[in-house]
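Observations on the model geometry
For reference, the chains in residue letters:
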Amino acid sequence: MYTNVMYYILNRCFQTIKGLFCHLIFQTLVRWMLTVRKNYRNVAYHNWRHAFNVCQVIYATMKNCKTQRLLNDREILALIVACLCHDLDHRGTNNAFQHKTSSALAQLYGTKATLENHHFNHALMILNSEGHNIFINFSSEEYSELISLLKHAILATDLSLHLQIRQKFFAMTEQGDSIDWDDRDIKEIFRSILMTTCDIAAITKPWEVSRRVADLVMTEFFDQGDKEREELKIQPQAHMDREKQDELPKLQLGWIDGICLPLYKHLVLLDPSFKPMLDGILENRALWEELDIDRLTKQASIDSGV
Ligand SMILES: [Zn+2]
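Just so it is clear, the model here is predicted, and its values are computed rather than measured.

1. A look at the environment of Thr-67
Among the structural elements, Thr-67 can be located in the loop between α3 (48-64) and α4 (73-85). Thr-67 sits in the buried class, given a relative accessible area of 1%. When near neighbours in sequence (up to four residues on either side) are disregarded, Thr-67 contacts Thr-61, Met-62, Phe-190, Leu-194, Asp-271 and Phe-274.

2. Quick notes on the coordination of the zinc ion
Coordination of the zinc ion by the protein is provided by His-50 (NE2), His-86 (NE2), Asp-87 (OD) and Asp-199 (OD), with metal-donor distances spanning 2.1 to 2.2 Å. Around the zinc ion sit four donor atoms, and with donor-metal-donor angles ranging over 83 to 172° the site reads as irregular. Read N to C, the donor residues that coordinate the zinc ion are spaced as H-x35-H-D-x111-D. Remark: Asp-87 occurs in the loop between α4 and α5 (95-100) and His-50 occurs in helix α3; sequence separation between them is 37 residues.

3. Topic: unusual backbone geometry
Glycine aside, residues mostly have negative phi, and peptide bonds are mostly found in the trans state. In this structure, Ala-113 takes a positive phi of about 45° despite not being glycine. Relative to the elements of secondary structure, Ala-113 occurs in the loop between α6 (104-109) and α7 (114-128). For Ala-113, a relative accessible area of 14% puts it in the buried group. Phi is positive for Lys-233, which is not a glycine, with a value near 55°. Along the chain, Lys-233 falls in the loop between α11 (207-230) and α12 (248-270). Residue Lys-233 is classed as exposed on the basis of its relative accessible area of 66%.

About the thresholds
Residues numbered from 1 in each chain as written. Predicted model: local features only at pLDDT ≥ 70, side-chain atom pairs only at ≥ 80, totals over all residues. Heavy atoms only, no water. Helix = DSSP H or I, 4+ residues; strand = E, 2+ residues; numbered from the N terminus. Buried < 20%, exposed > 50% of the residue type's maximum accessible area, 1.4 Å probe, protein only. Contact = heavy atoms within 4.5 Å. Donors = N, O, S within 2.8 Å, 3.2 Å for Na, K, Ca; no water. Tetrahedral: all angles 85-135°; square planar, octahedral: opposite > 155°, others 65-115°.

Scope: geometric values only; no functional claims are made or implied.
Spelled out as structure tokens, the structure:
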């Protein structure tokens, strides 16, 4: 998989370069990717493994869905690079935590998409480090366009932004074949939606994988909840409260019904080749529902003293 993605980026960035130069450029790509990996922290969920998984999904999407023909080469390249970089230097705490603690990041980037701005700036810092510029063969105009696409794609992984954009996307999918793909705004909405589609795609994967990822997310959330309780002396939200960990199935159902299902259902309306992802969610939802029924049954018997 590493090799597939590397060659894909290599082809997109450097396809006109041959021979000795190609070797030097391949070194740049390897150096860049290793540095990106090194700049993910050892947190439970938002680590290099997550970034690479997100990249794998965009790669699979570009290979298997008709989506690829809607985007040009530079847009695809920016999306792939954005997936690898979109959570760079994540500290295992969310935007709300940055604001509550007035962290250095909140002071630096303000209260809007705090972390996402940091991830983008970190990506830019790596790109500008000596021997790391994988976009070196593009003209200055193309370079500016790539950076702008990269920024837009990384900022789009802010879920609060997704909630604003998705209504426009849902309306778009109702238009069927009459969508104007030459419209810049339409393309921008679509690229944003693709980033979220890949970022949260663990919910579409086979149960063993999806379940394991849910546990990793919860581990990170509980760590934040512990900090909030111990350091900030506040009651964490239910999904970050270790004392409510038995509510995981209920929380997963809320996540699936509120965020995931609407998104993937509309993606399938736009392009039926996304259907395996929707099917995966529905299978996982059924299993979470079974676990939730078990939980409620146990709770009812405790409450009734049986
Ligand atoms: Zn992510």
